[in-house]
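Chain and residue survey
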Amino acid sequence: MGDQYRAGLSRIRQSPIVVFCFRYRAALGTLVFAVATGILVMHHEPWRDEAQAWLIARDTPNILALLRMGGYEGTPLLWHLLLMPFAKLGLPFSSAQLLNVSIVTGAAYVFLKKAPFSFFNRLLFVFGYFMVYEYGAIARSYGFFVLLIFVCALCYGKRFRRPILYACSVAFLAQTTLFGTITAFVLACSYTIEGICSTGYTGLRKYFMYGFGIAFSGVLLAVAQLLPPLDLNGNVQQWHIDFFRVGIVVGALFEAFMPIPIQGIHFWNSNAMLLPDIHPIAPSHGLPYLQYFLSEGIRSVFLVIGIALYPFSLFVMRRIARVPLIIYGLTSFLVLAVFFFKYFEGARHSGIIFILFMFFAWISAYYSRGFDTTIHMGNRPIRVSVILTFFLLPQIIATPIAYAYEMIFPFSSSGYVRHALVGRGFMGGSTFVATYPATYATPILLDAPVGRVRFFSLEDNEERSFMLWNRTDAISSSNRDLSAQEVVNRFERGFYTGHYIRGILILRDTRDRDVSAELSHLFRPLGCMGQSTTISDEMYCIYEYIPSSNRRRSILYD
């Protein structure tokens, strides 16, 4: 019986289908990833951060003007530069989503084909939460960061034999995001130091030219884009020095290795283990106290495990190779310093820490046997591939949660607002459309009809499509916090200054007060949208203006 079983198993393994799937497993895995991510993108409604990059690429007049936006956006503008031809040609925003899926799919193929891990672990990573959702479904520059950091890993083993190729990959990595700039800077320093130490000072000129000359030129170009402009908003200039921001850093480390969102409509940027009001994990069966004890106990265990995973990753890296450990520790420290002093981290930001861990685990194979080796924890040998699986399991657990809720619920309500305005004929040139605050209304301009490329921003008192976050006139907080009467005054001034027939006011519904009562004598409510969308703060209320010709003269000359 055993011989028959082994013979049958051998025939299955040697069958043409199995041989084909095994031979082209990386390509097949990439195909499945592309299809799964593509389906997810088809159900993803773009939100304000995605729209901001697209509208900047569409409405800045030239490349030089685009590069000047880096200081306002806080990021190098390679992603915006890639979007520019698509946006300038008048293509829909879906082309940006398709571009992002193509980039992340390329990153998935490079990882599945070349990463020095078991194929099982490679699949776990590629179909994990960050790759599928944060960097795949949401069209931003982070997917490009992932692709280029994997290209750097691919070239890392040949960095001294083919220095130009490696240095160019590092230089392009610096253009992706602020985190890409940080990573590229550390890699360029490491490359130069290793080159000098391995060849002596006789090789100083060669490695200075290639490593310092090319890689650091890319870093300097990125830094030049990030330099703050003279009219930088004071709020953005601010550096946070607050002990309580340690919690942000700890939370980022936890979410990087344990990114399991809550089960619900507002799953994005949430964590089931960090929120105190999570749904109980254990069934109650009529025992509420036991239910609470079990759920809180399990949550506490996961909290301890999640917080310990980052120092454990340093420990594992130390046992494998010292150089990747030093570079990984320095890079992650600088990224966490950004969280502490500047950013309020989100899931897409904390995911950078996990991507860095996978990258430095990859290049550790060039210093030792990598993740095929065995390390000793105490007196017990453990295969590092098993440890890597332990790191990857939370990622794969989080994916179906985000995938399911993205498919079920709309991500942003901006699409509903856009379709409502188009359906009622309010997007034409004869309609004055004003928004407050404009930050939340930028996605409404995506795929707008010809002639409607800007809205009137009440807080800035001018027409705009994208937000110039750090304007000089935005330093005054009074410009950003308008009363209902000031909203009316600015709206009417803008309406009667132009030659408009109708007026539309789009307000963000904060639920703090009944704004419609304050505007009822001048505006007719058309409806509010966004109560059942993933982003809870993108709730819009639309009002139609009731013009009165006898107020025109007094408003224009007030």
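Source: prediction; values computed, not measured.

Each value, and the rule that gives it
- Residues numbered from 1 in each chain as written.
- Predicted model: local features only at pLDDT ≥ 70, side-chain atom pairs only at ≥ 80, totals over all residues.
- Heavy atoms only, no water.
- Helix = DSSP H or I, 4+ residues; strand = E, 2+ residues; numbered from the N terminus.
- Buried < 20%, exposed > 50% of the residue type's maximum accessible area, 1.4 Å probe, protein only.
- Contact = heavy atoms within 4.5 Å.
- Areas by Shrake-Rupley, 256 points an atom, 1.4 Å probe, with all protein chains shown as cover.
- Pairing = 2+ DSSP bridges.
- Axes fitted to C-alpha atoms, helices over the stretch in contact; angles between N-to-C directions.
- Salt bridge = Lys/Arg side-chain N within 4 Å of Asp/Glu carboxyl O.
- Parallel < 35°, antiparallel > 145°, perpendicular 65-115°, else oblique.
- Left-handed = near helix turned anticlockwise from the far one by under 90°.
- Nonpolar A, V, L, I, M, F, W, Y, C, P; charged D, E, K, R; others polar.
- Core = buried A, V, L, I, M, F, W, Y, C linked by side-chain atoms within 4.5 Å.
- Disulfide = S-S within 2.5 Å.

Turning next to the overall build of the protein. Along the protein, the regular secondary structure elements total 24 helices and eight strands. The buried share among the 558 residues of the protein stands at 53%. Contacts in the protein between residues far apart in sequence, at least 24 positions, make up 73% of those at least 6 positions apart. Put simply, the protein shows about 25,700 Å² of open surface, and 65% of that area lies on carbon and sulfur atoms.

Right, let's get into unusual backbone geometry. The residue after Tyr 436, namely Pro 437, is reached through a cis peptide bond having omega -10°. Along the chain, Pro 437 falls in the loop between strand E3 (431-436) and strand E4 (455-457).

Taken in spatial order, the six strands of this open sheet run E5-E4-E3-E6-E8-E7, and their pairing is mixed. Among the strands making up the open sheet, the edge pair consists of strand E5 (462-464) and strand E7 (523-529). Across the sheet, the mean angle separating the axes of adjacent strands is 30° when strand polarity is ignored. Pairing of strand E6 (residues 502-508) with strand E8 (residues 540-545) involves five bridges; the strand directions are antiparallel. Bridging from a neighbouring strand, Ile 504 pairs with Glu 544 of E8. Along the sheet, helix H21 (residues 414-423) contacts E6, E7 and E8; its crossing angle with E8, the most-contacted strand, is approximately 20°. The sheet strands contacting helix H22 (residues 484-497) are E3, E4, E6, E7 and E8, and the helix crosses E6 at an angle near 145°.

Here we take up the side chain of Arg 348. Positionally, Arg 348 belongs in helix H19 (residues 347-363). Residue Arg 348 is classed as buried on the basis of its relative accessible area, which comes to 11%.

This next bit is on the pattern of salt bridges. In this structure the tally under the stated criterion is seven salt bridges. Between Asp 59 and Arg 58 there is a salt bridge; the shortest N-O distance is 2.9 Å. Among the ionic pairs, Arg 159 bridges to Glu 194, the shortest N-O distance being 3.2 Å. Residue Arg 159 is located in the loop between helix H11 (142-156) and helix H12 (163-173), and its partner Glu 194 is located in helix H13 (residues 178-199); the two are separated by 35 residues in the primary sequence. As far as the burial class goes, Arg 159 and Glu 194 line up, both buried. Each of the salt bridges in this network shares a partner with another, and the network as a whole consists of Asp 49, Arg 140 and Arg 348.

Let's shift gears to the packing of helix H8 (residues 94-114) against helix H9 (residues 119-126). Angle between the axes and distance between the axes are the two parameters that describe a pair of packed helices. The interhelical angle for the contact between H8 and H9, taken along N-to-C directions, is 165°, at an axis separation of 9 Å. Relative to H9, H8 is oriented roughly antiparallel. When the axes of H8 and H9 are compared, the crossing they make is right-handed. Mapping the contact onto sequence places Ala 108, Phe 111, Leu 112 and Lys 113 in H8 and Phe 119, Arg 122, Leu 123, Phe 125 and Val 126 in H9. Per-class residue counts for the contact of H8 with H9 are seven nonpolar, no polar and two charged.

Now for the side chain of Gln 225. Tracing the sequence through the fold places Gln 225 in helix H14 (residues 204-226). The class for Gln 225 is buried, based on a relative accessible area of 8%. Not counting chain neighbours up to four residues away, the residues in contact with Gln 225 comprise Leu 67, Gly 70, Gly 71, Pro 76, Leu 77 and Gln 175.

If you look at the biggest cluster of nonpolar residues, it comprises 143 residues, and the most contacted ones within it are Phe 125, Tyr 133 and Phe 257. Ranked by residue count, the leading element in this core is H19, at 13 residues. Counting residues in hydrophobic clusters, the runner-up holds 19 residues, among them Phe 456, Val 487, Phe 523 and Cys 541.

Buried within H21 are the following residues: Ser 414, Gly 415, Val 417, Arg 418, Ala 420 and Leu 421. On its buried face, H21 is in contact with E6, E7 and E8. Of the residues trailing H21, Gly 425 is marked for its positive phi of about 75°.

Now for the pairing of E6. Among the seven residues of E6, five are classified as buried, and the element is accordingly described as predominantly covered. Two strands pair when backbone bridges link them, and E3 and E6 are joined in this way by six bridges, in the parallel orientation. From the neighbouring strand, Phe 432 faces E6, where its bridge partner is Gly 503.

If you walk through the whole model with that rule in mind, you get one disulfide. Between the sulfur atoms of Cys 528 and its disulfide partner Cys 541 the distance amounts to 1.9 Å. Judged by the sign of its S-S torsion, about 105°, the cystine formed by Cys 528 and Cys 541 is right-handed. In this pair, Cys 528 is assigned in strand E7 and Cys 541 in strand E8, connecting sequence segments 13 residues apart. Cysteine Cys 155 remains unbridged, with the sulfur of Cys 152 as its closest cysteine sulfur at 6.9 Å. Accessibility expressed as a relative area gives 9% for Cys 155, which makes it buried.

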